[in-house]
Amino acid sequence: MNVPILMYHKIQLDPASSDLAVSPDAFRAQVACLKAEGYHTVSLRLLSDAVLHSRPLPKRPVVITFDDAYQDVYTIARPVLAAAGYTATVFVVSSALGRHNFWDDDKGLPRETCLGRREVKALAEQGWEIGSHSATHACLPKAEDRQLQAEVAGSRRALQEALALEIPCFAYPYGAWDERSKAAAQAAGYYAACAIAPGTASVTADLFALRRVYVKPGDSLADFKRKKSFWYLRYRAWRKR
Ligand SMILES: [Zn+2]
């Protein structure tokens, strides 16, 4: 199935500061484009049900995801999406709830506030899907067994406890995964896990390595339209062969 799964991190006024940030204007234009083209947002849970149990999806489905759960997801992206009648999936680093991107501290990157428990709960109440993005944003293929368990299964337990919600999905930090981390995500009870560019034949060929569309700060609206199109999603699989 070639459903576009869009990957965002920060929505920021000064997107030049990072290759992970998209400006609010660009984000608004992208959401308006999805709306004009008749897209409907779906959760990863719904997408996995469609793949596994042939559950019907709405016409022109799209999944919108945010990694790291920064504050601007709540302050900027949420109202834009709500006005369009859309929801999204946000991947939370369990030990960063209400803290900041501490995993970037040694890289000299700016500090960004992460969402707190109450904001994440408010998103869930507004229909958003809450996923785990590990416990400490560790690179999983480099983690030894115990740490891998803590990052994958431990973060799910911690978030479920802190938020009193079911956590159905996972996103590999840095998009880095291997067979071991995939097996850990399956064993932890997730329904699906997001990668970035695993080179699979279709977007959903592997529910534990879902391919995402990386929306970049420099993307024009034409780039955005092309990257999420059915033909481009198919072409990317072909190019990877
Ligand atoms: Zn991340």
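What you see is a predicted model, and the numbers here were worked out from it, not measured in a lab.

### Re the coordination of the zinc ion
So, step 1. For the zinc ion, the full set of protein donor atoms is D68 (OD), H133 (NE2) and H137 (NE2), and the range of their distances to it is 2.1 Å.
So, step 2. Donor residues for the zinc ion, ordered by position in the chain, follow D-x64-H-x3-H. Accessibility classification places H133 together with H137 in one group, the buried group.

### Some thoughts on the layout of surface pockets
So, step 1. Put simply, the largest pocket is a space of about 330 Å³.
So, step 2. Every residue lining the largest pocket is counted, 22 residues in all, and those nearest its centre are H9, D19, L20, D68 and Y174.
So, step 3. Its residues assigned to classes, the lining of the largest pocket comprises 10 nonpolar, six polar and six charged.

### Comments concerning the side chain of S181
So, step 1. Secondary-structure assignment places S181 in helix 6 (residues 179-187).
So, step 2. Residue class for S181 comes out buried when judged on its relative accessible area of 0%.
So, step 3. A polar atom in the side chain of S181 sits 2.6 Å from the side chain of D178.

### Observations concerning the state of the cysteines
So, step 1. Scanning the model with the defined rule gives zero disulfides in all.
So, step 2. As a non-bridged cysteine, C114 has C169 as the owner of its nearest cysteine sulfur, 17 Å distant.
So, step 3. The exposure class of C114 is buried, given its relative accessible area of 3%.

### Details of the packing of helix 5 (residues 145-163) against helix 6
So, step 1. In contact at an axis separation of 10 Å, helix 5 and helix 6 are set at 45 degrees when each is read in the N-to-C sense. The angle between helix 5 and helix 6 falls in the class oblique. As for how helix 5 packs across helix 6, the hand of that crossing is right-handed. Within the contact between the two elements, helix 5 uses D145, L148, Q149 and V152 and helix 6 uses R180, S181, A184 and A185.
So, step 2. The residue makeup of the contact of helix 5 with helix 6, split by class, is four nonpolar, two polar and two charged.

### Re the packing of aromatic side chains
So, step 1. Overall, the coordinates contain nine aromatic pairs when judged by the stated rule.
So, step 2. Seen from their ring centres, F170 and Y172 are 5.6 Å apart, and the 80 degrees between their planes marks the pair as edge-to-face.
So, step 3. The side chain of K10 reaches across the aromatic face of Y70, ending 5.3 Å from its centre.
So, step 4. Over the face of the ring belonging to Y232 we find R226, whose NZ or CZ atom lies 5.1 Å from the ring centre.

### Here we look at the nonpolar core
So, step 1. Of all hydrophobic cores here, the largest spans 66 residues; its most connected members are Y8, F27, F66 and I130.
So, step 2. Contact partners of F66, with chain neighbours within four places excluded, come to Y8, H9, I11, F27, V73, A77, L81, A88, T89, V90, F91 and W128.

### Considering the pattern of salt bridges
A side chain of one charge can pair with a side chain of the opposite charge when the charged atoms of the two come close.
So, step 1. Considering all chains together, one arrives at 13 salt bridges under this definition.
So, step 2. Taking the shortest distance from any N to any O, the salt bridge between E37 and K228 comes out at 2.7 Å. Here E37 is found in the loop between helix 1 (24-36) and strand 4 (40-41), whereas its partner K228 is found in the loop between helix 7 (221-227) and helix 8 (230-240), with 191 residues between them in sequence.
So, step 3. By relative accessible area, E37 is classed as partly exposed at 25%.
So, step 4. Measuring nitrogen to oxygen at the nearest pair gives 2.7 Å for the salt bridge that ties K227 to D219. As far as the burial class goes, K227 and D219 line up, both buried.
So, step 5. A single salt-bridge network, built from bridges that share partners, covers R45, R156 and E166.

What counts and how
Residues numbered from 1 in each chain as written. Predicted model: local features only at pLDDT ≥ 70, side-chain atom pairs only at ≥ 80, totals over all residues. Heavy atoms only, no water. Donors = N, O, S within 2.8 Å, 3.2 Å for Na, K, Ca; no water. Buried < 20%, exposed > 50% of the residue type's maximum accessible area, 1.4 Å probe, protein only. 1 Å grid on protein atoms, 1.4 Å probe; cavity = no way out; pocket = protein on both sides within 12 Å on 5 of 7 lines; lining within 4 Å. Points joined across faces, edges and corners; volume = space filled by probe spheres on them. Nonpolar A, V, L, I, M, F, W, Y, C, P; charged D, E, K, R; others polar. Helix = DSSP H or I, 4+ residues; strand = E, 2+ residues; numbered from the N terminus. Polar contact = N/O pair within 3.5 Å; in protein donor to acceptor, adjacent residues only side chain to side chain. Disulfide = S-S within 2.5 Å. Axes fitted to C-alpha atoms, helices over the stretch in contact; angles between N-to-C directions. Parallel < 35°, antiparallel > 145°, perpendicular 65-115°, else oblique. Left-handed = near helix turned anticlockwise from the far one by under 90°. Contact = heavy atoms within 4.5 Å. Phe/Tyr/Trp six-rings, centres within 6.5 Å; stacked < 30°, edge-to-face > 60°. Lys NZ or Arg CZ within 6 Å of the ring centre and 35° of its normal. Core = buried A, V, L, I, M, F, W, Y, C linked by side-chain atoms within 4.5 Å. Salt bridge = Lys/Arg side-chain N within 4 Å of Asp/Glu carboxyl O.

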